[in-house]
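Each chain is listed here by its residues.
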Amino acid sequence: MKIGIAGAGAFGTALGVALALDGNTIHLWARDAERVTQMQETRENPKLPGVTLPQNMTFSAALEPLFACDTILIAIPAQTLPAFLTANVEALTGKTLVACCKGIDLQRMTGPASTIRDLVPHAQAAMLTGPSFAADIARGLPTALTLACADDALGAMLQTALSTTSIRLYRTTDTIGAELGGALKNVMAIASGVAIGAKLGESARAALITRGFPEMQRLALALGAQPDTLAGLSGFGDLVLTCTSDQSRNYRYGLALGSGTDFDLTTTVEGVATARAVRQLAQELGIDMPICAVVADLTEGKTDVATALNTLLSRPLKEE
Ligand SMILES: NC(=O)C1=CN([C@@H]2O[C@H](COP(=O)(O)OP(=O)(O)OC[C@H]3O[C@@H](n4cnc5c(N)ncnc54)[C@H](O)[C@@H]3O)[C@@H](O)[C@H]2O)C=CC1
Ligand SMILES: O=C(CO)COP(=O)(O)O
């Protein structure tokens, strides 16, 4: 199958490598022409060091070859998705668009699949999400992810087309649950990093993950998600992975916040904008989301780590 991928960062490139090695023809669009030349000449992408890009993967900075593909995976940061869709709405109409980004859009308060549905109403929207580091996918290590598509027949087609010998896809029609699980776990990963960075210990991290999960569920269920989706790969699975691995950029950002060390702010850390979106959504809906609120305040410098911890620990005692 011929598959287009928008976004030549770590994840888009890793998915391209895995799908190309499985026999698909892949076209990868990068907005940066220099990156395209580099990938053509070296068959490597510095975002994914040590991985050789297969010959059945082509690259361009022009959009036309991407739009020649009927199925396009979109792997650009979540906050850049609306502008990409709006700028290309005509070319994307009629396509199957699989969002591979994780976040809640700060302007619209929607997750990636919903943003696609709103901005390109005559495309088919799906979501690929779940616990998977780009480096693992590119190296062919086993991963299990969620393919969410409201149209179950199309979802089944995508599930087959995008599964490989190392990537096992599970299917759901609950796109809301899949997009919210993937977005919210990044906020919890920042919180977990803060706890470890501030030397609060592993027990504190376990408490954060465990209390963070019902917080994720509260918002997701209020917005129409199914509980099973949150308990699956795209929610609980990705929460566990991201809160416990320093391969995660969200977690590493939290570590830096907690320990007061520097962090390269050009890194893609989706949980920062998502925490702000969640804080606003939770206020509007009257939902208690204390961990997300504290993370949003911390990332904006509205509170410090000691005050943030005190805020969480001094909440009234209640039933579990
Ligand atoms: N890296 C990983 O392990 C995983 C990443 N993801 C998700 O994939 C999405 C992309 O992340 P990564 O590829 O890891 O980030 P990255 O930082 O490696 O790459 C982001 C890419 O997007 C491009 N980009 C940025 N703004 C753009 C715009 N306005 N238009 C077009 N391209 C633009 C950049 O040039 C860069 O190549 C994020 O939502 C992330 O949560 C999901 C699962 C795993
Ligand atoms: O989503 C991911 C793993 O499933 C990647 O996490 P980070 O974006 O925090 O690196």
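Residues numbered from 1 in each chain as written. Chains lettered and ligands numbered in written order. Predicted model: local features only at pLDDT ≥ 70, side-chain atom pairs only at ≥ 80, totals over all residues.

Observations concerning unusual backbone geometry
Here is the rule: Only DSSP runs of H or I reaching four residues or more are called helices, and only runs of E reaching two or more are called strands; each is numbered from the N terminus. Any residue surrounded by 20 or more other C-beta atoms within 10 Å of its C-beta is treated as buried, while 12 or fewer makes it exposed and the intermediate range makes it partly exposed; C-beta atoms here are placed from the backbone.
Even without glycine at this site, Arg-43 takes up a positive phi of about 55 degrees. Assignment of secondary structure puts Arg-43 in the loop between helix H2 (33-42) and strand S3 (57-60). Positive phi is not limited to glycine here, since Lys-199 has a value of about 60 degrees. On the secondary structure map, Lys-199 appears in the loop between helix H9 (175-197) and helix H10 (202-222). Residue Lys-199 is classed as exposed on the basis of its C-beta count, with 9 C-beta atoms lying within 10 Å.

Describing the site of ligand 1
Let me state the cut-off plainly: Working rule for contacts: place C-beta from the backbone, and if it is within 6 Å of a molecule or strand, that residue counts as near it. The classification used treats Ala, Val, Leu, Ile, Met, Phe, Trp, Tyr, Cys and Pro as nonpolar, Asp, Glu, Lys and Arg as charged, and all other residues, Gly among them, as polar.
Near ligand 1 there are 24 residues, and of these Gly-9, Phe-11, Thr-80, Cys-101 and Thr-268 occur at the shortest range. Broken down by element, the residue count for the shell around ligand 1 peaks at three residues, all from helix H1 (residues 10-21). Of the residues that constitute the shell around ligand 1, the class distribution is twelve nonpolar, seven polar and five charged.

Some points on the UniProt feature "binding site: NADPH" (unreviewed entry) in the protein
Where we set the bar: UniProt positions are given in the numbering used here, feature names are shortened, and annotations may be inferred rather than shown by experiment. Contact between two residues is assigned whenever their backbone-derived C-beta positions fall within 7 Å.
The sites that UniProt annotates as "binding site: NADPH" (unreviewed entry) are Phe-11, Arg-31, Lys-102, Ala-134, Arg-249, Val-269 and Glu-270. Relative to the helices and strands, Phe-11 is located in helix H1. Residues in contact with Phe-11, not counting those within four places in the same chain, are Ala-75, Cys-100 and Ala-134. Relative to the elements of secondary structure, Lys-102 occurs in the loop between strand S5 (96-99) and helix H6 (112-119).

Section: the sheet that holds strand S7 (residues 143-149)
Going by this rule: Two strands are counted as paired when DSSP detects at least two bridges linking them. Between the N-to-C directions of two axes lies an angle of 0 to 180 degrees, each axis being a line fitted to C-alpha atoms and, for a helix, fitted only over the stretch in contact.
An order of S3-S2-S1-S4-S5-S6-S7-S8 is seen for the eight strands of this open sheet, with the pairing classed as mixed. This sheet does not close on itself; its edge strands, each paired only once, are S3 and strand S8 (167-172). The sheet shows a mean angle of 25 degrees between the axes of neighbouring strands, direction not considered. Relative to strand S2 (residues 25-29), strand S1 (residues 2-6) runs parallel, the two being bridged by five bridges. Note on S2: the bridge partner recorded for Lys-2 is Thr-25.

Section: the site of ligand 2
Stated formally: What marks off one domain from the next here is an automatic or database domain assignment.
If you check the shell around ligand 2, you find 13 residues, and the closest are Pro-131, Asp-238, Ser-248, Arg-249 and Asn-250. Elements with a contribution of two residues or more to the shell around ligand 2: H9, helix H12 (233-244) and helix H13 (249-259). Ranked by residues supplied to the shell around ligand 2, first place goes to H12 with three residues. In terms of residue class, the shell around ligand 2 is built from four nonpolar, five polar and four charged. Looking at which domains feed residues into the shell around ligand 2, each of domain 1 (2-173) and domain 2 (185-314) supplies at least three.

Thoughts on H2
For H2, the buried fraction is low: one of the ten residues fall into the buried class. Backbone geometry just after H2 places Arg-43 at a positive phi near 55 degrees.

A closer look at H13
Most of H13 sits inside the fold, with nine of its eleven residues counted as buried. Arg-249, Asn-250, Tyr-251, Arg-252, Tyr-253, Gly-254, Leu-255, Leu-257 and Gly-258 are the residues of H13 that are buried. Note on H13: the residue one or two positions beyond its end, Gly-260, has a positive phi of about 70 degrees.

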